[in-house]
Structures are given as C-alpha cells and as structure tokens.
Amino acid sequence: MAEQLQQLILDTLDAQLTLPDTRALKIPGQSGLASSHDAQITILGALNSLLSREAISSHVLTPEGVQIVREGSHEARVWAALPERGNAPLGVQDLKKSVGDEAAKVGQGRAFKSGWIAKEGNGFVKAVSNITDTTQIELREVESSGTLAAGEKALAELRKRKLIIQRKGQWFTVDKGANFSTSIAKPETDLTVDMLTSGSWKKSTFKKYNFDADGIPTSGGALHPILKVREEIRSIFLEMGFEEMPTGTFVESGFWCFDALFVPQLHPARELQDTFYLSDPSMSLPPPSDYYERVARVHEHGGYGSIGYRTPWSHEESHKLLLRTHTTASSAAMLYKLAAKCRGEDIDGDLYAKAQPGATNANDDGFRPAKLFSIDRVFRNETMDATHLAEFHQVEGVVADRNLTLADLIGFMRTFFLKMGMKNLRFKPAYNPYTEPSLEIFAWHPLLEKWVEIGNSGMFRPEMLAPMGFPPDVRVHGWGIGLERPTMIRYGINNIRTLVGHKTSIENVENSPAVMF
Amino acid sequence: METFPIDKSELFERLGHQYTTEEFDRLCFDYGLELDEDTTAEVEAAIKKGLPAERPQLKIEVPANRYDLVCLEGIARALRAFLGKQDPPQYTLAYPPGGEKDLITVTVSKETQRVRPFFACAVLRNIKFTPMSYASFIDLQDKLHQNIGRRRSLVAIGTHDLDTLTPPFRYEARTPTNIAFAPLGRDTVHTAAELMQIYESDKHLSRYLHIIRDSDVYPIIYDSEDHVLSMPPIINSEHSKITLATKNVFIDTTATDDTKLQIVINMVASMFSEYCAEPFTIEPCKIVFPDGSTRISPDIAPRTVTARASYINSCTSLSLTPSAIQSLLTRMTLSPTISPNDPDALSSHFHARVDIIEDAAVAYGFNNLPDIFPQTSTVAQPLPISKLTDVIRNEWAMAGWVEALPFILCSHEENFSFMNRPDPGSLAVKIANPKTLEFQVVRTSLLPGLLKTIRENRSHALPMRVFELSDVVFKDTSRERQARNERHAGAVWCARSAGFEVVHGLLDRAMKMLEVPRIAKGDGKDVGYYIKEGDDPAYFPGRAATIYYRPPPSKTSKTGELVGELKALHIDQDRDIAIGTLGVLHPTVLEKFEITYPCSALEFNMEVFLKRS
C-alpha cells in the first residue's frame, strides 16, 4: 500500500504540478478522502523522503460546542423558554427545569447582557421578540471549516468559553523536486556482494549517506572504570621499575596493621568506630616472637633514638584480628620480609632471594634496595555517604634504599604524579604516626582553580624499621593515594556510590571512556 | 585532623601583621596547618544585613599530634617563633618563698588505684583573665578532654579558684553514697549516687558517666576542710569554681594513662602561664603517692634528644651548618643547644631524632628542598596473580561481558541463606562491630555481589552479562592471621531463559585462553578440566555442575604442598580437584535477590592456574 500511495502522490503531482492539500488525496484501499489525522500520518510516511512540509492548526468543537450547534446557545435556549412580555414570568426554578441547571446559569447572564430577556417580579420574560444566535452560527462555521472567517479574536473568545479547542493537524503541500520521476525504484543503500558479482554497482545510483546518524552500537563487553584507572596507575609504577607487592590479606592483626607501624595502641584509628574488628576468628596466632618483642619494647620503652609511647603494652590489642584499614599493613609484612637477610635469616623459596645476586662481600649486610607498590582494597567502619565508603582502594608506593633523603621522596613523587598528568605539586608538613617527616601531597586543579589534597607520604620511622632488622642507614619512603578520588575526577562523578558497589550502573560501565593519563 | 576556630583579629594582632587570606593560607600550609575557612566575608555580609554576627574567625585544621596548637595562645606562640618574631618562651617552675616545704601537697589514696590511678596538678599565680582569655582557657580544657583525653576516659581536667580552698588536698576514691557536694551550676548538695542519676538526662555530661559508673568507688578531690574540688571525670564543685575575677588557679588532672596525663597538665599550665603576672611561670605542687613516693608536678624539665647536623643533612639532601640548623629549630620552638665538645651534636627536648629532622625540614620549607631524583635502580615486576587475573578479565570483556565491582563485605544472609547455602561456621570471617547489617561477613563467594548488581540494574536491557575477578576470604586456622584470601572468577548471565550453556561457554573460553584442555573424569590425561553434575543448593537441581581441574603432575615439593592444601578443601579422586561450580540459579535464590528473570552463574578459584616455577 505504501508504494501505491507513493505512486499516487507522484502521479498526482505529475498531472497537477502541485498538490496543494494532501487531505484531497484518496489513499488507495481506503474509502473517502484522507482527511483524518491517521490518514495524514500515513501520507507523511510516504512523503518523508521527499520535501517541504507545512503544518498549521485547526479547531474542533468541544462536546458543549456540539450541543450548541444542535440545540442553540445557552442564552438562546433561555430566551426561547421564556414567555413573551405580558405573560406570567417564569421563575428561576422553572427555568432550570426547562433548560437544565448549566444552561440556565450561563444563559441567563449572557441573555441579560445581550438585552434579550428582562426581569419581572420573581421571574423572567422575553425582552425582544427575535434574536440572532451568533454563538450557534459561529460554531457551525467552525464545525464545517475548522476556522472562522471573523478571525482569531472570535476564535479566542470561543476557546475561552471552552466551546472549541485547537487541534494540531497537518497536511502537506507537495512540489516536484529536481530529480522528479514517476518511477518509485529506490536508490541503492549499500554496496553488496551481488552488485560486485553482477557488476550492477556501475549503473546503480546510491542513496545519499546520512553522516549525522549514529553508528551501530558494538556488542562487546567492558571493564570497570575504576579498574581501568588502576591499570593505568599500575603501568606507571611498572614503568618506574616498581615491583608489585602481594596484598592478599584482608584480615590482619592489630600487630601488623598498627603495632608494626608504630601506631600507638591507644590511637583513635584503632577504636571500634573506625576499624572493623572480627568476632570469628577474633585473635591471631603469635607473630614472629623476636620481632614481636622488639616492637613491643619500642612502643613501651623506646629505643633506636626514640623515647617510645611509655604506655603499657597490650598483647590482646596486638593479637586482635581486624580488616586492614590500609595496605601499609601489607607493606609492613613485605618490608619485614625484605629485612630477613639483614636479620641473618634464610629466605628459601622467596622471590627476592632469587632476584638478588648472592652475597659475596663479607661486609654485605644482606640489604638490597627495593621499590614496591600495591593497589588493593582497604576497609573502614564508616557510614557510607556520597564521599565515603566502608571499603575503597588504596594505591601505595614504597622505596627502600640506603641514605634516601626527603628530597628523594619529593623527587619520586614529582615524577610519579607527572605521569598521572599532575604538573604542579606542593607538600604540606603533616602528622602520621608511622612516618616522620610526613607530607601531605597537594596538586593544583586547573578546573577547580585550587590546591586539592591528593595523598599522603613520608619517611617510615626508625621505630618501625629498626625492629624489622634494617641497618640504620636504610631509609624507606612511602606514599599513598586513593584510587576512587582520581577516578571520580577523571569521570566527573560526584557520588562515590555510583562508582563502587552493586549500585554501579552497568550502562555506565559500558560507556566509560578509556583512561590515558 | 581537627578544625578549630580562632579569633582572627586577636591572632593577627599577636602575629603583628594583617595577613590577606591567601598570605595566611600559605603561612599555615608551610607550617603544616590548613586554613579551612576565613569567616570575614560571611560576618561582613551578616553585618550589612543588620543580622547579629560574631567576630571574624579563622578555622584552622591542626594535625592530631599538636595538642599545643588547639588554642589561640598556642597557635600565636608557634607562628611567632616560626616567623622569627619571638624566641620560644622558656617555661620555669616558680617555687613559693619558703621553697619546697611550702609547696601545696596532694595526697593520693590507695583506693584511687582501682578507678583512676594517675594524678597531676599545677598552680598558676596572679593570673589576669580577660573575657577572651577566660573563654579560651575553658575551651582548651574542652578540646583536650575530647582529643588526647579521649572523651575524658584517659584524662580529665578540673580548674579551681585556689583562694576558695585550703590546701593540702587529698585525691581519694569513695563509695558513691559517701560523697556529697554541690556540683558546678547547682546550690544543692547531692550524693555522688544522686548526681549519677541527675546527669543521666544531661545531654552533655551523660556521655561521661560510663567511665566510672560500674566502679564501686568514685574518684573525689578534697581540701583540708573537706570542701570538694571535683569528682573527676564528671564534674567540679560549685564551691571552687573559677570566674573572670579568679587570681590563683589550681589545676587538677586525673587519668588512666600516665603519659597522656603529663602531656595534658603541661599543656594547660604552659599555655595559660602566659597570663600570670610573671609570664611563663608555673608553681609546682608535691604529690604523695600511696606507696609513699613523691613527685613534683608538673614535670616540665626538657627531655633531651641529641641529633647530629650531619644526620639531618643526610636525611634532607641539604648541607647546612649546625648553627643554621640551630636557628631553623629555634623557629620550631625547639631551642636546641650545640654541644661545646661535639659541634655536630644538637640537643633538644623531643620525641626522637627523626622529629628533629622533620622540624628542621619544615622550617627550611619542604617545597624549597633540592629538586633531585633518587638513584635507586630496581627491576619492575608485576604480581603473577594480577597478571593471570588480567588475562581472564580482558578475555571475558572481549567476549561481551561487563565487569562489576560489588563490595567485598556483605550481610550474613546474602552470603549464606539467600544462596541456599548453610553456614558451616568454619568458612566465613565475621565482623564484630559493623555499623550496618550490610557488612556482617567477608564474602566467601562472588555470586551475591553479582546478583545484587543485576538486581540494581533491572532497567538494563536483557541479557545482562556481568563478571568479577576478585578476592573472597576463608577462615584458615593454620595461618597467623587465621584467614586467607582466594582469587575467584565469577559471572552471572540474566535473560529470558536460564542459559546454562552460556556460562559454560564462558568457562570454556577462559580455559581455552589458559591452554587448559577439556578432559574427562578418569581418562588418564595429564592436565585439564571437566564438569560433572553437582549438588550445590544455590543451583536448580539437575542444572548444577562442579568444575574439576587436574593440575600438572607435581614436580617439586612446593607444588605438592600446595595441592595438598587444596586437597584438604575439596577432593574428588586422584589429582582432580573441585575448583568451582556453575549452573542455573535456583528460583528461590533469585527470589531472595528480587530478580524476576532466570539466571545462570559460574564461579571458580583462579589460583590453581598460577604458573608454578
């Protein structure tokens, strides 16, 4: 039918040169003219590839308008119901009975205003002997033509009285185009294998390609945006010669998470409201005993140039199991392992032992420099909101070497953050129980036009390193940043809960752009 | 980090300079403080509108270890020294005319050791308060109570008008009914037992009652005429309360931690000794302990630490002379001395040598240190498990699956009953103190998180294909930490029909990429995987399978051990180990997770595929 209709349009155009009003068409297979809205939609479909379109509006009667056309306006009906002057007037109640409540109410006012009726005693009588019911006449005109010759002002008045409403309707004016032909043979849309085989591509005409249209969506999967950022940061570490640390221990003891790092046992971070403790299992097995003794001693009594915390040591606090609050707990275990040779221990089967050429020098104390990194999940007993989660990812870099300086640490971080696209850094003195000096890292945010804190860093304290067995000239740097924050900035996300957790939208994952710092 | 409001004009007057907000921000930054907010604009706007307004304040974030910077007096003193405008004050103990024998004595009774054992005190003579310094004095006590005093549980402070009291004093502990006095703010006398009842409904004090409530004796301080000074850590007495007009102040501090106690008494006494007729002098007291030993309190004798200039230089890449370092440290209020015999040695009172390095570096300016890059040369090395994980993550994403990132913590029922899996008690690690029911256990399976992801994405077009490669945690009593992480791979398919073969295809793809061939049970092949009907109740009966892996024959003892470990968990027969499950999820599981479409799931242990060398 679509093709027949197209043909009809083209034939009509061919004959008449122009098709001024598509409502005059008769759609093949349908009786009557195509004056209905639906019919015009069908015609629109047929015309869509063609040309100029002109839309206007028309009016139709409301149910009340229809009634007026049939029975006359309210005022005319009121007038008709009343007796001639001189006869007994008709009371209000009788009038209502005669023409109905609505007509009596509206019609009475308008009839008075037009001077058609007059009041006599408790009732009404006709004031004139004949009337012209303009409303009815106008509505008849609207009914037949969709408009009024009297113009928009009269139409507006009828609309205001809710007797007519405007209805959008459309029809079309069709003219011949430059490539007019009465054939409906379609131009080709795509080059096909058949065309290549038959050679028909040489003669075919091709439909103009719509370069504004979208391509077809691909059907592949997607990686999670925050893990794409993780990948990029991981590459930076690897580019800088860092070794990835094992971090597969979500469960840590108070000893490894805090004590080994010289975090005092009474530190607020260790309180129940900040740290997830375990009920089952709740206590760790004893840590390596010599090391444990040395850590306990430096806390309670000091040593290695420190006065310690001078607070009684609690074994229970040290053995409590918890979910790690930072990956520095894993770094501590790794550094302890790194110092094994310095302690004179055999580290059979350890990756390091193999990576490091054997000690040949009698003065060799067993220490080998290391650059380590990790990116993994940590846990805090936080109430979740738009910027806080109970679990998030921490990025950590650790460098251990002889005679490292604070300037070295800053130099490392400048290179690292430059690779992340942050050129302008400054460092603020800060406090952290396990580093001294401690530095907060701030980067200039060119869009926010302010300094934004991006991470923390420092030199691990001798109170932490010496009990592990490191020689005194070995210094260890550490710095940490969150993974969520750079990701939120990268993707312009304000609510962290839309990034991590099951409430992440799959669609967002599918549509998150690649990350290239 | 805590933020404290400081009166702006008073601070700038003490610093002798009117800073712009930017200038002051930079000064704070270099010293290690953070200017959070300058309320000047806000105050001016309020005045313009004719609204009542306070004086402009600077809200300053102070590091958690700097209890000396939580009041105006302390910040002004520190910054004046940092700016080189004033040498750090030298605090001295001022003995009464008659010397040690005239000291105010406080006797500590034996009973106090059962409830709040430590006591320290000090006297500030001829003090002159202004309304501002008085408010600051009260405020400092409040802040110390909250931070270092850990909401008064570790340390509590009481301050008294000494002229209303008659020394010597006694620090005792008595049963609650044997204590009676009129507390601060009341003129009626109550027993301690009554006070504990009265303060139950006091918004402010009710928070501290638990500290002593369950003790059979309560701490209490008396003068020689049995006037109560205070009942620490709850309330002072009305009798000895200080006012703006108070001239001589007695400060008592009681504690359960002696180290923190000494910090607090020193802090309160030294900060406000500034307002004494002879500034920075503190009159000590003599404390007699139950064992007969005595102590002069407060102990402000500097704790001496010696650091070498060469060490400081070697930690900072600087080459400063000892006297240059001395002046840097003086700006950090350390006032070090250079040893006459060993000019490289600087002595100061502080925590440890590294603290001295930090102070020297702060005074020098972190951002002024030489721009260098360390020589440390090492070889980069990714973690084998990360590499393995990334291989499968990428393969599955290329296969059209979308990566999810649910939480690792979940509720007990999500991990067990929602999955139709009973809790054997030996599997999951349980959290003692979660704030919400969402975080009761560390997951032992990736599936609940994936199912929640599907649930939250119900408006997404079907089919949904989600996967995750991440850690689950199992209890493991053989390990120091009593638990171990295990890297799992998991995936869920959700569509109009269950699609067992779809997740099966995903497994096959992973195995193909890992070069693990499909084998059959008992076929004598060296290595491979196969699936067999299983009975995991999370799956629809008859649509559940177990995934078996046959690892390469063991060559080294190391591998043997590892396989042995896995054997203990799941064992079918021979070397074949059950590494996971797949199947059509049981409709009751779907119902629990509020999913109305059928799903198939896959989960297996990745760690068996690690290359062993």
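Residues numbered from 1 in each chain as written. Chains lettered and ligands numbered in written order. Predicted model: local features only at pLDDT ≥ 70, side-chain atom pairs only at ≥ 80, totals over all residues. Heavy atoms only, no water.

### Quick word on the sheet that holds strand β5 (residues 123-126) of chain A
Item 1. Strand order in the open sheet made by the three strands is β3-β5-β4 (chain A), with antiparallel pairing throughout. Only two strands of the sheet have a single partner each, and these edge strands are β3 (90-91) and β4 (117-120) of chain A. (Pairing = 2+ DSSP bridges. Helix = DSSP H or I, 4+ residues; strand = E, 2+ residues; numbered from the N terminus.)

### Brief notes about the interface of chain A and chain B
When the parts of a complex come together, some accessible area is lost, and that lost area is often used as the size of the interface.
Item 1. On the chain B side, the residues contacting the 112 residues of chain A number 100 residues.
Item 2. Taken over both partners, the interface formed by chain A and chain B buries close to 8600 Å², and the fraction arising from carbon and sulfur atoms is 58%.
Item 3. Across the contact surface, chain A and chain B share eight salt bridges.
Item 4. Taking the shortest distance from any N to any O, the salt bridge between B:Lys475 and A:Asp280 comes out at 2.7 Å.
Item 5. Scanning the region where chain A abuts chain B turns up 44 residue pairs in polar contact (both at pLDDT 80 or more).
Item 6. For the side of chain A that touches chain B, the element with the most residues is helix α16 (residues 406-419) of chain A, which contributes eight residues.
Item 7. Classifying every residue of the side of chain A that touches chain B gives 57 nonpolar, 29 polar and 26 charged.
Item 8. Pairing analysis gives two bridges linking strand β10 (residues 278-280) of chain A to strand β23 (residues 430-431) of chain B, with the strands arranged antiparallel. (Contact = heavy atoms within 4.5 Å. Buried area = accessible area lost by both parts, 1.4 Å probe. Salt bridge = Lys/Arg side-chain N within 4 Å of Asp/Glu carboxyl O. Polar contact = N/O pair within 3.5 Å; in protein donor to acceptor, adjacent residues only side chain to side chain. Nonpolar A, V, L, I, M, F, W, Y, C, P; charged D, E, K, R; others polar.)

### So, the pairing of strand β6 (residues 118-124) of chain B
Residues and elements named next belong to chain B.
Item 1. Burial within β6 is extensive, with six of its seven residues counted as buried.
Item 2. In this sheet, strand β14 (residues 249-255) lies alongside β6 in antiparallel orientation, the contact comprising seven bridges. Within the sheet, the bridge partner assigned to Phe118 lies in β14 and is Ala255. (Buried < 20%, exposed > 50% of the residue type's maximum accessible area, 1.4 Å probe, protein only.)

### Re the pattern of salt bridges
Item 1. Scanning all chains against the criterion turns up 60 salt bridges over all chains.
Item 2. B:Asp68 is the salt-bridge partner of B:Arg66, the closest N and O atoms lying 3.0 Å from each other.
Item 3. Judged by its relative accessible area of 22%, B:Arg66 falls in the partly exposed class.
Item 4. A salt bridge links B:Lys452 to B:Glu414; the nearest nitrogen and oxygen atoms lie 2.9 Å apart. Here B:Lys452 is found in helix α14 (residues 447-456), whereas its partner B:Glu414 is found in helix α13 (residues 412-415), with 38 residues between them in sequence. By the burial criterion, B:Lys452 is buried, and B:Glu414 matches it.
Item 5. Each of the salt bridges in this network shares a partner with another, and the network as a whole consists of A:Glu231, A:Arg234, A:Glu244, B:Asp390, B:Arg393 and B:Glu403.

### With respect to the confidence of the model for chain A
All names here are of chain A.
Item 1. The predicted model of chain A averages 85 in pLDDT, with 91% of residues at 70 or higher.
Item 2. Confidence drops under pLDDT 50 across residues 52-56; counting only partners more than four residues distant or on other chains, this segment forms nine contacts.
Item 3. Between residues 349-355, whose pLDDT stays under 50, and residues either more than four places distant or in other chains, the model counts eight contacts. (pLDDT = per-residue confidence, 0-100.)

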